[in-house]
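If you want the building blocks of each chain, they are given just below.
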Amino acid sequence: MSSIMMRIGILFAVLGFGSLVLEQFDYEFRLLSWATDMQPGFGIVLGLVGVALIGGSVAMNRAKSAPQPQQQFAQQPPAPGGQFPGQQQPYPGQPQQFQGQPPAQQQYPQQPGQPG
């Protein structure tokens, strides 16, 4: 809806303010030729209506894109595998570590030229 409102607002602003400029050069938009006797007042009002429509469209878009407050859930679902919250599941190929055991140290082969 706001996209249509924006387009109509731009059209009105161009026709309204454009008719003011064209009037100075003795030209007119054919679409607004019926309002020649009402110029420049009609052009000013039409342009201001266009600007108001553009402003309303921008305000509606900002209201839609404003971040909505996130709802907190009363209870979180249980973790898969019966694990406690915050405890991570190992990835495939990752050595498993158990409570009370230090992490396994990986041994690297001796590099030539390095003290052993």
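This write-up is about the structure you can find in this document. In this text the structure is predicted, and so the values were computed from the model without any measurement.

With that settled, the discussion passes to helix α2 (residues 41–65). Owing to its 3.6 residues per turn, the α-helix aligns residues three or four sequence positions apart on the same side. For α2, with 25 residues, the first-to-last C-alpha span of 36 Å sits near the 36 Å given by 1.5 Å per residue. Those residues of α2 that sit buried are Gly43, Leu46, Gly47, Gly50 and Ser57. Buried-residue contacts for α2 involve α1 (2–24).

Glancing now at the packing of α1 against α2. Between α1 and α2, whose axes approach to 7 Å, the crossing angle comes to 155°. Overall, the two elements α1 and α2 adopt an arrangement that is roughly antiparallel. The handedness of the crossing between α1 and α2 comes out as left-handed. For the contact of α1 with α2, the per-class residue count stands at 18 nonpolar, 10 polar and no charged.

Under the 1.5 Å per step criterion, the end-to-end length of α1 is 33 Å for 23 residues, consistent within 8% with the ideal 33 Å. At Gly18, α1 is bent by approximately 25°, the largest bend along its length. When α1 is considered as a whole, its buried residues turn out to be Ser2, Met5, Gly9, Ala13, Leu15, Gly16, Gly18 and Ser19. In this structure, the buried side of α1 is in contact with α2. Count one or two residues on from α1 and you reach Asp26, which has phi positive near 60°.

This part is about the environment of Ser2. The topology assignment puts Ser2 in helix α1. Here Ser2 falls in the buried class, since its relative accessible area comes to 7%. Along the chain, Ser2 and Met60 lie 58 residues apart, while their C-alpha atoms are 6.8 Å from each other. Ignoring sequence-local partners within four residues, the contact set of Ser2 consists of Ser57, Met60 and Asn61.

Here the focus is a nonpolar patch on the surface. On the surface, Phe17, Ile44, Leu48 and Val51 cluster together into a nonpolar patch covering about 330 Å² of accessible area. The dominant element in the nonpolar patch, judged by the number of residues it contributes, is α2, at 3 residues. Residue classification places Val51 among the partly exposed positions, given a relative accessible area of 44%.

Turning to the packing of aromatic side chains, a few remarks are in order. Where two aromatic rings form a pair, the distance of their centres and the angle of their planes describe that pair. Counting across every chain of the model gives 1 aromatic pair. Look at Trp34 and Phe42: their rings are 5.2 Å apart centre to centre, the planes differ by 70°, and that puts the pair in the edge-to-face class. Residue class for Phe42 comes out partly exposed when judged on its relative accessible area of 22%.

The rules behind these values
Residues numbered from 1 in each chain as written. Predicted model: local features only at pLDDT ≥ 70, side-chain atom pairs only at ≥ 80, totals over all residues. Heavy atoms only, no water. Helix = DSSP H or I, 4+ residues; strand = E, 2+ residues; numbered from the N terminus. Expected span 1.5 Å × (residues − 1). Buried < 20%, exposed > 50% of the residue type's maximum accessible area, 1.4 Å probe, protein only. Contact = heavy atoms within 4.5 Å. Axes fitted to C-alpha atoms, helices over the stretch in contact; angles between N-to-C directions. Parallel < 35°, antiparallel > 145°, perpendicular 65-115°, else oblique. Left-handed = near helix turned anticlockwise from the far one by under 90°. Nonpolar A, V, L, I, M, F, W, Y, C, P; charged D, E, K, R; others polar. Bend = angle between axes of the 7 residues up to and from the residue. Patch = residues over 30% accessible without salt bridge, like charges linked within 9 Å, V, L, I, M, F, W, Y side chains within 5 Å. Areas by Shrake-Rupley, 256 points an atom, 1.4 Å probe, with all protein chains shown as cover. Salt bridge = Lys/Arg side-chain N within 4 Å of Asp/Glu carboxyl O. Phe/Tyr/Trp six-rings, centres within 6.5 Å; stacked < 30°, edge-to-face > 60°.

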